[in-house]
Every structure is written in structure tokens, then in C-alpha cells.
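Observations on the three-dimensional arrangement
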Amino acid sequence: MTDRTDFAAKARELDEADPLGDYPDRFLPTDDDIVAYFDGNSLGRPPAVSAERMDHFVRHQWRARLVRGWDDEWLDWPTAVGDRLGKAVLGAAPGQLVVADSTTVLLYKLARAALRTRPERREILLDTDNFPTDRYVVEGIADEHGLTLRWIETDPDAGITPDQVANAIGPNTALVVFSHVAYRSGYLADAAAITRLAHETGALVLWDLSHSAGSVPVELDNWGVDFAVGCGYKYLNGGPGAPAFAYVNDRHQHTIRQPVQGWMGHRHPFTMGPGHEPASGIRSVLSGTPPVLGMVPLLSGVELLEQAGIDAIRAKSLLLSDFALELVDAWLSPLGVRLASPREHARRGGHITLCRADFDVVNEELRRRGVVPDFRSPDGIRIGLSPLSTRFNEVYTGMATLAEVAAARRGRTVPRREE
Ligand SMILES: *Cc1c(COP(=O)(O)O)cnc(C)c1O
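Residues numbered from 1 in each chain as written. Predicted model: local features only at pLDDT ≥ 70, side-chain atom pairs only at ≥ 80, totals over all residues. Heavy atoms only, no water.

**Structural notes on the domain arrangement of the protein**
Per the domain assignment, the segments making up the protein are domain 1 (4-41 + 309-409) and domain 2 (51-307). When each unit is reduced to the centre of its C-alpha atoms, the spacing between domain 1 and domain 2 is 29 Å. With 30 residues of domain 1 in contact, the opposing surface of domain 2 contributes 27 residues. With both chains or domains summed, domain 1 and domain 2 bury close to 2,300 Å², and 54% of this area falls on carbon and sulfur atoms. Applying the counting rule to domain 1 against domain 2 returns one salt bridge. Where the side of domain 1 that touches domain 2 is concerned, the elements lending two or more residues are helix 11 (310-332) and strand 10 (351-355). Here the side of domain 1 that touches domain 2 gets five residues from one element, more than from any other, and that element is helix 11. Of the residues in the side of domain 1 that touches domain 2, the class split is eleven nonpolar, eleven polar and eight charged. (Domains from an automatic or database assignment. Contact = heavy atoms within 4.5 Å. Buried area = accessible area lost by both parts, 1.4 Å probe. Salt bridge = Lys/Arg side-chain N within 4 Å of Asp/Glu carboxyl O. Helix = DSSP H or I, 4+ residues; strand = E, 2+ residues; numbered from the N terminus. Nonpolar A, V, L, I, M, F, W, Y, C, P; charged D, E, K, R; others polar.)

Right, here's the structure in full:
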């Protein structure tokens, strides 16, 4: 690693030139036991204001307003926060997003709602490398309703392509369910083209935006997307178990019925009358009492995204992963490490995955040294580079440590997994 000082200098230059360079300071600092956090795409770091906002909410809103808080404003939070999220990072006009539940639950609700509008069609199109919960939920629905699943075999180093969709979709396809950014490879799907293809055959699309919201530009309205869901605790920095979001395009809002008919999705929740009458518009996606406490830190995450702007965030995200790839080529490829992610900007999301047979052990050693990536079985170390909270110097430090550990183990890379 003779070029270490050059790369350290480059990291410093990149940090100095970074227009979002002061954003990492707007997050609560990590303790000294962490030198590089590469998992902000799994659990984003806490914005500093979240601590004060939580405290303030408990002391002033909850304590003082008590049950009156619901009428004051809390009942409006699911759509109010949804609208801000839609405007800041999802390309959605107001009235099409709610914040509620979890991604898993919203995926179920919207998939069921979509299928109900295409009763004559009996197939759901999905891919083998989608995030587990997406596959499991769709499998459950198919099982319950006697529908057929049509699986596209995805290359785990890449993701879902329009060609694959064109070959698999047909007149019997009711719904397609894909991730916009693949959780493993970081592959950024061509959501506009795939949505168009689906519509040409009369199918509906449901995008999972968990790994794209807050990291890559999303244009739900312009792409003509039908439905979308995504997590609040990844690039949105809403905190562990933060509520998720759901998008229903205006054109579907008066025709869909989602299956979890709770009182909060009722037209008049407080008349408490017989029979469910869905609220008009996006509120019909709600089921039970909104997770108000969870929306307090989520809103401070959304505020940071509003201030930074998604185009600047994406520009930094690409610079971060470009720099990481430069270090991979210089230090890790010679050690037999394989890149399992796309290189081209147009197809690269906010994270990359690196593979070697012994990376499960390498990952444990990294964590001992304060570098925290994510491990993806069987042999992938996922480097998530959350643009608002990550410095280039942190990329340098983390990748240098990875290179050291990987080099020290060289020669001991006998495949350990025979089972
Ligand atoms: C993280 C993630 C989820 C998680 O769903 P939860 O209901 O929050 O557990 C779902 N889908 C994708 C694509 C994800 O990346």
C-alpha cells in the first residue's frame, strides 16, 4: 500500500470540496469504538436534533396536550409527513403518501389492494433476489389467493432489467413487485422503463424504495408508478423501527380497497358506526392509530433531506462510491476480492458489495476494529455510504482497515464452508 498517503490526501481534498461537508456534524457523534460506519443504509445514524425533538415532544406535546393532541395535529401527521417526504425525495405531488406501519405491512396492504383491481389476471411477477420480506409477503398472498408466482432469476451481482421483465410479463400478469435499488448489489433498476413495460401489458407496479429513498432521485409521478413502499430507518434516518411510507398514485385512490380495514382508514373514524367506509384519498391506506412518536425523529431526518436536496445527495453518493471503488481496485482486487455491484453510475445505488470466501471472518475482525459494514451471507461485505452522514476520510479509514485485514488473512482463504 505505497499509495496510502496519496489516497489519504485525496480523501482530505474530497472532504474539503464537499458541498455537504458540514452534514456529518448534524448527526450525533459515534463513540470512539467506531471508526467507520458503513451501515447507514441499514440503520441510519441519529440526526442531532432528534434527541431534543423527542425530549420536547414528551415534555410539551404528550404531557401538555394529552389526548387533545390527536385533534390538534397528530391525526394529520401521517399525510403531512408523507407529503414532505414525497416532495423532498420521491417526486410525488401532495396527497399520495402516508407514513404508517412497517414496509412489510404496507407491502402486504398495497399488493392486496392492487390485485383486487385485476381479478381476471392470476400472476404476480417478482425476482429471486428481492429482499426476503418482499418475497415472503408475496408468496403468502399467492398462497392465500391461489395466484401463480412468476420468478425472474436475478443475477445477485446486478438486478432486474427491462429485458428480463419484457420476457416474463404477459396478459395474465396482474402485478409486478421489485426493489428499485437491490439490497445486496446496490443495482439501480430502470424504474421508469419497467413501469412503462408493465403498463403496456396492463399490469400494475409496486416498487420497494427502501434502499433508494433519500439516496437516489425517485420520480414516482413522472414515472407513472402505481404503488410504492419503503423504510423510514435507512437513508431517511428515522431511527430503529421508524414507520414506513406508502405511495398510491392519485388515479388509483378511489378504486382500491386495502385489506386491513381499521378505524383510522375509515371516512369518519370517530362516529364509530357499523361497517367500514373507506376514507377518501390516501388516508384509506391507514389502518390503526398512527405511530406518532416514531414520526418525531423521522421528521428530523426528512428535514435534513429537504435542506440538502436530493440532487446534491446523489452527487455525493456517487463520489463516495467512486472513491470506495478506486480503493477496491488499488488495494482489494489484488487480494482476490470481487466486486459484486455495478460500476456504471446509471445503475449504481448508494452501496456496494465486496466478496471473498473468508469475508465472514474478515467482517468479525472489522467489527472488532471499529469498522461496521453489513455482512451478506455467504461471502459479501456490504459497504453502505450514507451521503449525509459519511465523510470521505471515513471511507478511507474503513477501506484501509478492510485491506489490512484481508491482506493479513491472505493464504488462509481456504473455503471454510463445505456444509
Ligand atoms: C430493509 C428492507 C425492508 C424491511 O422491511 P421492514 O418491514 O421494515 O422490516 C423491506 N424491503 C426492502 C427492500 C428493504 O431493504
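Moving on from the coordinates now.
**Let's talk about the pattern of salt bridges**
Going through the model one piece at a time under the given rule, you end up with 25 salt bridges. A salt bridge links E306 to R84; the nearest nitrogen and oxygen atoms lie 2.9 Å apart. Here R84 lies in helix 4 (residues 77-90) and E306 lies in helix 10 (residues 292-308), a separation of 222 residues in the sequence. For R84, a relative accessible area of 31% corresponds to the partly exposed category. (Buried < 20%, exposed > 50% of the residue type's maximum accessible area, 1.4 Å probe, protein only.)

**Structural notes on the pairing of strand 10**
Most of strand 10 is tucked away, with five of its five residues classed as buried. Along strand 10, one buried face is formed by H351, T353 and C355 and the opposite face, lined by I352 and L354, is buried too. As defined by bridge partners, strand 10 adjoins strand 13 (residues 380-384) across five bridges and the pair is classed as antiparallel. Each residue of the ladder has a partner; that of I352, found in strand 13, is I383. (Pairing = 2+ DSSP bridges.)

**A look at the sheet that holds strand 3 (residues 123-127)**
Across the sheet, which stays open at both edges, the seven strands sit in the order 2-8-7-6-5-3-4 with mixed pairing between neighbours. Each having just a single partner strand, strand 2 (97-100) and strand 4 (148-152) make up the two edges of the open sheet. Averaged over neighbouring strand pairs, the angle between their axes works out to 20 degrees when direction is ignored. (Axes fitted to C-alpha atoms, helices over the stretch in contact; angles between N-to-C directions.)

**Description of the sheet that holds strand 12 (residues 374-376)**
Strand order in the open sheet made by the four strands is 9-10-13-12, with antiparallel pairing throughout. At either margin of the open sheet sits one strand with a lone partner, and together these are strand 9 (338-339) and strand 12. In the packing of helix 11 onto the sheet, the strands contacted are strand 9 and strand 10, and the crossing angle to strand 10 comes to about 15 degrees.

**Quick word on the environment of G398**
For G398, the position within the fold is in helix 13 (residues 392-408). When the C-alpha atoms of G398 and A192 are compared, they prove to be 35 Å apart, with 206 residues separating the residues in sequence. Setting aside its immediate chain neighbours within four residues, G398 contacts A36, F38 and V371.

**Remarks on the UniProt feature "binding site: pyridoxal 5'-phosphate" (unreviewed entry) in the protein**
Using the residue numbers shown here, the UniProt feature "binding site: pyridoxal 5'-phosphate" (unreviewed entry) corresponds to T103, T104, F131, P132, T133, D134, D208, H211, Y233, W263 and T289. Spanning 187 residues, the named residues do not form one spatial group; their C-alpha atoms are separated by as much as 30.8 Å. The residue T133 is located in helix 6 (residues 132-145) in this model. Beyond its immediate stretch of four places on either side in the chain, T133 contacts T104 and L107. Structurally, D134 can be placed in helix 6. Excluding its chain neighbours within four sequence positions, the residues that come into contact with D134 are L107, S179 and D208. (UniProt positions renumbered as here; feature names shortened; annotations may be inferred.)

**Remarks on the side chain of N237**
Secondary-structure assignment places N237 in the loop between strand 7 (227-230) and strand 8 (244-248). Looking at N237, the relative accessible area reads 2%, which means it is buried. A distance of 3.4 Å separates a polar side-chain atom of N237 from the backbone nitrogen of R45. If we skip the residues at most four places from it in the chain, N237 touches F27, G44, R45, P47, G232, P297 and G301. (Polar contact = N/O pair within 3.5 Å; in protein donor to acceptor, adjacent residues only side chain to side chain.)

**A few points about the nonpolar core**
If you look at the biggest cluster of nonpolar residues, it comprises 56 residues, and the most contacted ones within it are L90, V165, F178, W207, F245 and L388. For this core, the element with the highest residue contribution is helix 10, accounting for nine residues. Mapped onto the domain boundaries, this core takes at least three residues apiece from domain 1 (4-41 + 309-409) and domain 2 (51-307). Among the nonpolar cores identified, the runner-up in size contains 35 residues, and L320, V362, M399 and A403 belong to it. (Core = buried A, V, L, I, M, F, W, Y, C linked by side-chain atoms within 4.5 Å.)

**Focus on the site of the ligand**
Near the ligand you find 13 residues, and of these T104, D208, H211, Y233 and K234 are the closest. Between the ligand and T104, the relevant distance is 2.5 Å, taken from an oxygen atom to a side-chain nitrogen or oxygen of the residue. Contact between the ligand and Y233: an oxygen atom at 2.6 Å from a side-chain N or O atom of the residue. Contact with the protein chains covers 87% of the free accessible surface of the ligand, which is 390 Å². Broken down by secondary-structure element, the contributors of at least two residues to the shell around the ligand are helix 5 (103-116) and helix 6. Counted by class, the shell around the ligand contains three nonpolar, seven polar and three charged residues. (Near = heavy atom within 4 Å. Areas by Shrake-Rupley, 256 points an atom, 1.4 Å probe, with all protein chains shown as cover.)

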